[in-house]
Amino acid sequence: MKKESKVTPWEVSGKVDYQRLIKEFGLSKIDEKLLKKIEKCTGELHFMLRRGLFFAHRDLDFALEQYEKKNLFLYTGCGPSGPIHIGHAFIWEFVRWLQEKFDLDLWFQFTDDEKFLLNKDKSYKEIQEWMYENMLDIIAIGFNPKKTHFLIDTKHAGLMYPEAIKVAKKINFSMVKSSFGFTNQTNLGMIFFTSVQAVPAFLPCVIKKKKLACLIPHAVDQDPHFRLTRDILPKLGYYKPSSIQALFLPPLTGSEGKMSSSKDMNLLMTDSPKEIERKIKKYAFSGGQKTIEEHRKKGGNPDIDVSYQYLKMFFEPDDDKLKQIYEDYKSGKITTSELKDYLIKKINAYLKKHQERRKEAKKLIDKFIFSE
Ligand code: TRP
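Residues numbered from 1 in each chain as written. Predicted model: local features only at pLDDT ≥ 70, side-chain atom pairs only at ≥ 80, totals over all residues. Heavy atoms only, no water.

A few words on the site of the ligand. Close to the ligand lie 14 residues, the nearest being Tyr75, Gln109, Glu114, Gln197 and Gln222. The side chain of Tyr75 places a nitrogen or oxygen atom 2.9 Å from a nitrogen atom of the ligand. Within the side chain of Glu114, one N or O atom sits 2.9 Å away from a nitrogen atom of the ligand. For the ligand, whose accessible area on its own is 370 Å², the fraction buried by protein is 90%. The element that contributes the greatest number of residues to the shell around the ligand is strand S5 (residues 72-78), accounting for 4 residues. Here the shell around the ligand is built from residues that sort into 4 nonpolar, 8 polar and 2 charged. (Near = heavy atom within 4 Å. Polar contact = N/O pair within 3.5 Å; in protein donor to acceptor, adjacent residues only side chain to side chain. Areas by Shrake-Rupley, 256 points an atom, 1.4 Å probe, with all protein chains shown as cover. Helix = DSSP H or I, 4+ residues; strand = E, 2+ residues; numbered from the N terminus. Nonpolar A, V, L, I, M, F, W, Y, C, P; charged D, E, K, R; others polar.)

Here it is in structure tokens:
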């Protein structure tokens, strides 16, 4: 029997059917016409857009109109419960590009409350430690320190709580139960939490006393939060936030679920070159044949090969090179181990630079944390 796939902010399992998600969630597809509009604003298209990795949206047209009126800001976030992996960086590299091309303010939420409430076996202190570590990685991604504002749910509570309760008052249990998979055993904090994640979508309007529009880049599992946020915000006198939504980077072992920080099947931003090599060689699911002879004869299947997917989604921005790799792997001209070696080289070059910037990030933290 085929396992049912599940996509909520706290569980992604089974083989994700993105076309079905578009229907179920009521998302819009990013089509050629919209890509042209984006290109008009940015001057070029990021390969993640060209390749359909950011594949769906809500009211992106409206966000682009507001951008032209200089009335738009960006909002994204991080749930600090473990180390940052390349699945996170995949999204944030795109967010950085958006910030740079559009030259926009970015509000970056750290949901330490959420991750404390969610993880039975993690203490408050542990979450705070992960949050600090995560901030270093996020700064190292290269966001603009002058235009990026970290909001920490527990530290900025004085600012955020009065707004969160305005949202919470308009949501009842039956509205959140099914979209978040809540049961009678779910703790109270988790039930309240979505109203906290709604806040950065309009807090800049409160702070700047101006009705601004918001664009939220995120992985598609976060959509249930923002579906609700979109219902509530007009009732409070704000615009519905727009969103641009990404696929999941698959875990090393294959196509089900998403990369996660709680399992070993991930590639961390702090991994050494040796560690990356070991994990890819040992775990990365291969679309190649069992023996070299067979592979040369029949060729491999790049569409199910995780190393190829990582090149396509993240580490090979050059379309011509990617196409060549696709064809050569399919024809059997390059082997799985050659493909893996290429990927390992690419990832390690990326991580080398990241880790250098990460060392400098400590000095910058104060510049990023929002203060009035
Ligand atoms: N809940 C998200 C997580 O677990 C963190 C988050 C908060 C977020 N606000 C966001 C993600 C806005 C994307 C966009 O990772």
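Regular strands place their side chains on alternate faces of the sheet. Among the 7 residues that make up strand S8 (residues 213-219), 7 are buried, leaving the element largely enclosed by the rest of the structure. Because side chains alternate across S8, one face comprises the buried residues Ala213, Leu215, Pro217 and Ala219, and the other comprises Cys214, Ile216 and His218, equally buried. Direction of pairing for S5 relative to S8: parallel, over a ladder of 3 bridges. By the bridge assignment for S8, Leu74 is matched with Leu215. For S8 and strand S9 (residues 242-246), the ladder comprises 5 bridges, and the chain directions are parallel. Paired with His218 across the bridge in S9 is Gln245. Crossover connection from S8 via helix H12 (residues 223-232) to parallel S9: handedness right-handed. (Buried < 20%, exposed > 50% of the residue type's maximum accessible area, 1.4 Å probe, protein only. Pairing = 2+ DSSP bridges. Right-handed = clockwise from strand over helix to strand, strands pointing away.)

Here the focus is the packing of helix H10 (residues 188-198) against H12. Packed helices, taken two at a time, are described by the angle between their axes plus the distance between the axes. The contact between H10 and H12 brings their axes to 9 Å, and the two run at 70 degrees. Considering the angle they form, H10 stands roughly perpendicular to H12. Contact residues: Phe193, Thr194, Gln197 and Ala198 in H10; His225, Phe226, Leu228 and Thr229 in H12. Residue composition of the contact of H10 with H12, grouped by class: 4 nonpolar, 4 polar and no charged. (Axes fitted to C-alpha atoms, helices over the stretch in contact; angles between N-to-C directions. Parallel < 35°, antiparallel > 145°, perpendicular 65-115°, else oblique. Contact = heavy atoms within 4.5 Å.)

Right, let's talk about the domain arrangement of the chain for a bit. By domain assignment, the chain separates into domain 1 (6-247) and domain 2 (263-359). Centre-to-centre separation of domain 1 and domain 2, based on C-alpha positions: 29 Å. With 18 residues of domain 1 at the contact, the number on the domain 2 side is 19 residues. Note on domain 1 versus domain 2: buried area summed over both sides is about 1,700 Å², and carbon and sulfur give 61% of it. Among the residues of domain 1 in contact with domain 2, Arg51, Ile86 and Ala140 are the three that bury the most area, contributing 38% of the side total. Taken together, the connections running from domain 1 to domain 2 amount to 4 salt bridges. With its nearest N and O atoms 2.9 Å apart, the salt bridge here joins Glu133 to Arg358. Here domain 1 is connected to domain 2 by 12 residue pairs in polar contact (both at pLDDT 80 or more). Mapped onto the side of domain 1 that touches domain 2, the elements with two or more residues apiece are helix H3 (47-50), helix H5 (86-102) and helix H7 (124-141). (Domains from an automatic or database assignment. Buried area = accessible area lost by both parts, 1.4 Å probe. Salt bridge = Lys/Arg side-chain N within 4 Å of Asp/Glu carboxyl O.)

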